[in-house]
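# Structural description and commentary
Chain by chain, the residues:
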Amino acid sequence: MGAKYKYLFGPVPSRRLGRSLGVDLLPLKTCTQNCIYCQLGKDAPQVLERGEYVPIGIIVDELKLIISEGLDADFITISGSGEPTLHAGLGKLIDEIRTITQIQVAIITNGTLLSRPDVRKDCGKADVVLPSLDAGSPEVFAKINFPHEGLDFYTFAEGLVQFRRQYKGQMWLEVFFCEGINTDEQSIQDLKQWIDKIRPDKVQVNTSVRPVVHPEAARVESDKLEEIARKLGSNAEVIADYHKETKSPTERPDSAAILETLKRRPCSLNDLCRGLGMHPMAVEKALAELRDAGQIDCQEKNGTFYFTAK
Ligand code: SF4
């Protein structure tokens, strides 16, 4: 769909949400954190202020158009290239979506702002909220998520507990594991204590399944991740997809265009989005496939990830 929609992506098949139409509310990498496993680069400073980062009216117009063209999706998923609860118009957007379609609304969030009543109120309007919790202690939180200095771990985790208490919809908590960072017994037990307090409907356990950009974000092998999920409780499941795609990514138009560009010069995610007029999530997906297929390399330089063809 390319340039026709600036803020929508998909629908794409999603392991967690079926056919999902992504809605992106933010400029690339606008986030409260800087996780070591983030695919969006590390060069943007963390932010805490909510704001009208992109105009809600234009997003609603795009949604009306795609729905009038016969959108077939299980979910409209508010996520995108950063932390969606930073957008101050989140609640208003969900209200607008309710007036134009009956498709369910999901929010993928890092959960760090759920300690704020206004953010809990906005997220409370969604059918499914998918927050993250990768650490059970301030020390591991700092190591894996690199939060904004104004974020306190206990306030964040208590925000998840508070949200769960008042939220009537489905809450699916994602826990991302990086080998050697949060996989030791103590880290798992600390996480379990918080999960028992939060009481999400599901716990979804994940890891980096592709070659890692940041060496510290090393993947956890499948058997070990299954064992960790068992320790976290009966509602925990592994969502990491260890199966590689069999179809060559270069058979896809997006991947072929990206590979051609990278043969000429190394590019960052941002360079590719601007140069090819593609949505960051489409570029991200194609880059991931090209890396899985061993066709490109990635290196970090001054906080930005640069991709090169092999
Ligand atoms: S919360 Fe998401 S967007 Fe923000 S740094 Fe972590 S992985 Fe990246």
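Placed above this text is the structure.
In what follows, the accompanying structure is described. (Residues numbered from 1 in each chain as written. Predicted model: local features only at pLDDT ≥ 70, side-chain atom pairs only at ≥ 80, totals over all residues.)

### Here's the deal with the site of the ligand
Contacts to the ligand come from Cys31, Gln33, Asn34, Cys35, Cys38, Leu40, Gly82, Glu83 and Asn110. Of the residues contributing to the shell around the ligand, the split by class is four nonpolar, four polar and one charged. (Near = placed C-beta within 6 Å. Nonpolar A, V, L, I, M, F, W, Y, C, P; charged D, E, K, R; others polar.)

### Focus on the environment of Asp134
With respect to the element layout, Asp134 can be found in the loop between strand E5 (128-130) and helix H4 (138-145). For the pair Asp134 and Ile181, spaced 47 residues apart in sequence, the C-alpha to C-alpha distance is 9.9 Å. Not counting chain neighbours up to four residues away, the residues in contact with Asp134 comprise Ile144, Asn145, Val175, Phe176 and Asn182. (Helix = DSSP H or I, 4+ residues; strand = E, 2+ residues; numbered from the N terminus. Contact = placed C-beta atoms within 7 Å.)

### So, the pairing of strand E11 (residues 304-309)
Working note: regular strand, side chains alternate between the two faces of the sheet. Sheet topology places strand E9 (residues 267-268) next to E11; two bridges connect them, and they run antiparallel. What sits directly across from Cys267, in E11, is Phe307. Sheet topology places strand E10 (residues 296-301) next to E11; six bridges connect them, and they run antiparallel. Bridged to Ile296 within E11 is Ala309. Where E10 hands over to E11, the hairpin turn is made up of two residues, of which Asn302 adopts a positive phi near 50 degrees. (Pairing = 2+ DSSP bridges.)

### Brief notes about the sheet that holds strand E4 (residues 104-108)
Strand order in the open sheet formed by eight strands is E1-E2-E3-E4-E5-E6-E7-E8, with mixed pairing between adjacent strands. Every other strand in the sheet has two partners, leaving strand E1 (8-14) and strand E8 (236-238) as the edge strands with one partner each. Strand after strand, the sheet turns through a mean of 25 degrees between neighbouring axes, direction not considered. Relative to strand E7 (residues 202-207), strand E6 (residues 170-177) runs parallel, the two sharing six bridges. Following the sheet pairing, Phe177 is matched in E7 by Thr207. (Axes fitted to C-alpha atoms, helices over the stretch in contact; angles between N-to-C directions.)

### Looking at helix H10 (residues 280-292)
If you check H10, its first and last C-alpha atoms are 18 Å apart, about what 13 residues at 1.5 Å a residue would give, namely 18 Å. Here H10 has its buried residues at Pro280, Met281, Ala282, Val283, Ala286, Leu287, Glu289 and Leu290. In the stretch just after H10, Gly294 is the one whose phi turns positive, near 70 degrees. (Expected span 1.5 Å × (residues − 1). Buried ≥ 20, exposed ≤ 12 C-beta atoms within 10 Å, placed from the backbone.)

### A word on helix H2 (residues 90-100)
The set of residues buried in H2 consists of Leu90, Leu93 and Ile97. Down the axis, H2 shows its buried residues gathered within 55 degrees of arc, on one side only. More than 90 degrees from the buried face of H2, the exposed residues found are Arg98 and Thr99. Lining the buried residues of H2 we find helix H1 (56-68), strand E3 (75-79), E4 and helix H3 (117-123). (Arc of directions from axis to C-beta.)

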